Amino acid sequence: NAYCVTDGAYEFAIDDEYHEGFCCDYGLGSYTVQYGGVVVASGGEFIDPEITTFGRCEGDPSASPTSSPTTVSPTRSLTLEPTDPPTPEPTPEPTNLPTNMPIQFCSDGKIVTVDVTTDNYPGETYWTLTNTCTDEVIVEVGRQALYRAADTFYSNEYC
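About the cut-offs
Residues numbered from 1 in each chain as written. Predicted model: local features only at pLDDT ≥ 70, side-chain atom pairs only at ≥ 80, totals over all residues. Heavy atoms only, no water. Helix = DSSP H or I, 4+ residues; strand = E, 2+ residues; numbered from the N terminus. Contact = heavy atoms within 4.5 Å. Areas by Shrake-Rupley, 256 points an atom, 1.4 Å probe, with all protein chains shown as cover. Salt bridge = Lys/Arg side-chain N within 4 Å of Asp/Glu carboxyl O. Disulfide = S-S within 2.5 Å. Buried < 20%, exposed > 50% of the residue type's maximum accessible area, 1.4 Å probe, protein only. Pairing = 2+ DSSP bridges. Axes fitted to C-alpha atoms, helices over the stretch in contact; angles between N-to-C directions.

J.: Please clarify how the overall build of the chain should be interpreted in this entry.
T.: Each helix and strand in the chain was counted, giving zero helices and 11 strands. In the chain, once contacts between residues fewer than 6 apart in sequence are set aside, the share between residues at least 24 apart is 70%. Summed over its atoms, the accessible surface of the chain is roughly 11300 Å², and 52% of this surface lies on carbon and sulfur atoms.

As structure tokens, this is what we get:
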């Protein structure tokens, strides 16, 4: 499954029914969340819900302002000579793509991937993905809804 989410700020919250996590007393469960191919959350051993935020709302500054430049003039002189010629034309045939992985493309956003390896009690696991810019719940996986097999790896992509 692949689902696109627009650029924005998101909250991923995960817990289990008895608040003992899903590693390590009752199996070796774990989770990993990726946003645009970058791991933004991972774990499995917790006693309270784990909540991770990532991304940013449109208009939010990405970082504090930087200081003023240290120099006023350019640091290198202008190049008057031509640079190296362009590289040769590309090959006419495309290269072979890997056959063991699907190609995922998100034209108007980023892919969110949630990987979960369940513990001995998979039906206790639940999580939500919320767009914090709009307060919209994008995905909600409730108890008994998705995870039915113990010690099993599940991968879900939301794009």
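J.: What's the story with the environment of R148 in this structure? I'm lost.
T.: Position of R148 relative to the elements: it lies in the loop between β10 (136–141) and β11 (153–158). The spacing of R148 and P122 is 26 residues in sequence and 5.6 Å in space, taken between C-alpha atoms. Among residues more than four places away in sequence, those in contact with R148 are P122 and Y154.

J.: So what exactly am I meant to see when it comes to the pattern of salt bridges here?
T.: Between side chains of opposite charge, a pair can form as their charged atoms come close. Under the defined criterion, the tally for this structure stands at one salt bridge. We note a salt bridge from D7 to K110, for which the minimum N-O separation is 4.0 Å. Residue D7 is found in the loop between β1 (4–5) and β2 (9–16), and its partner K110 is found in strand β8 (residues 110–117); the two are separated by 103 residues along the sequence.

J.: Where do I start with the state of the cysteines in this structure?
T.: As used here, a disulfide is simply a covalent bond connecting the sulfur atoms of two cysteines. Scanning the model with the defined rule gives two disulfides in all. One disulfide bridge connects C23 with C24, the sulfur atoms lying 2.0 Å from each other. Torsion about the S-S bond of the C23 and C24 cystine: about 65°, corresponding to right-handed handedness. For C24, a relative accessible area of 39% puts it in the partly exposed group. A disulfide bridge connects C57 with C133, and the sulfur atoms are separated by 2.0 Å. Residues C57 and C133 share a disulfide whose torsion about the S-S bond is about -110°; that sign makes it left-handed. Of this pair, C57 sits in the loop between β7 (50–55) and β8 while C133 sits in the loop between β9 (125–131) and β10, and the two are 76 residues apart along the sequence.

J.: Sorry if this is basic, but what is going on with the pairing of β8 here?
T.: Looking down a regular strand, the side chains alternate between one sheet face and the other. When you tally the buried positions in β8, you get six out of eight residues, the bulk of the element. In terms of strand pairing, β1 meets β8 through two bridges, oriented antiparallel. Looking across to β8, one finds that V5 is bridged to K110. Pairing geometry for strand β5 (residues 30–35) and β8, over six bridges, is antiparallel. Note that in β8 the partner of S30 across the bridge is T117.

J.: How should the sheet that holds β2 be read in this particular structure?
T.: A sheet is described by the order of its strands in space; here four strands give the open sequence β7-β2-β9-β10, paired in antiparallel fashion. Looking at which strands have only one partner, the edges of the open sheet turn out to be β7 and β10. Sheet twist, expressed as the mean angle between neighbouring strand axes with direction ignored, is 15°. Both β2 and β9 contribute to a ladder of seven bridges, which runs antiparallel. Opposite F12, over in β9, you have L129 as the bridge partner.

J.: Where do I start with the environment of Q34 in this structure?
T.: Secondary-structure assignment places Q34 in strand β5. It is 9.1 Å that separates the C-alpha atoms of Q34 and E157, two residues lying 123 residues apart in sequence. In contact with Q34, other than residues within four places in its own chain, are V39, V40, I111, V112 and T113.

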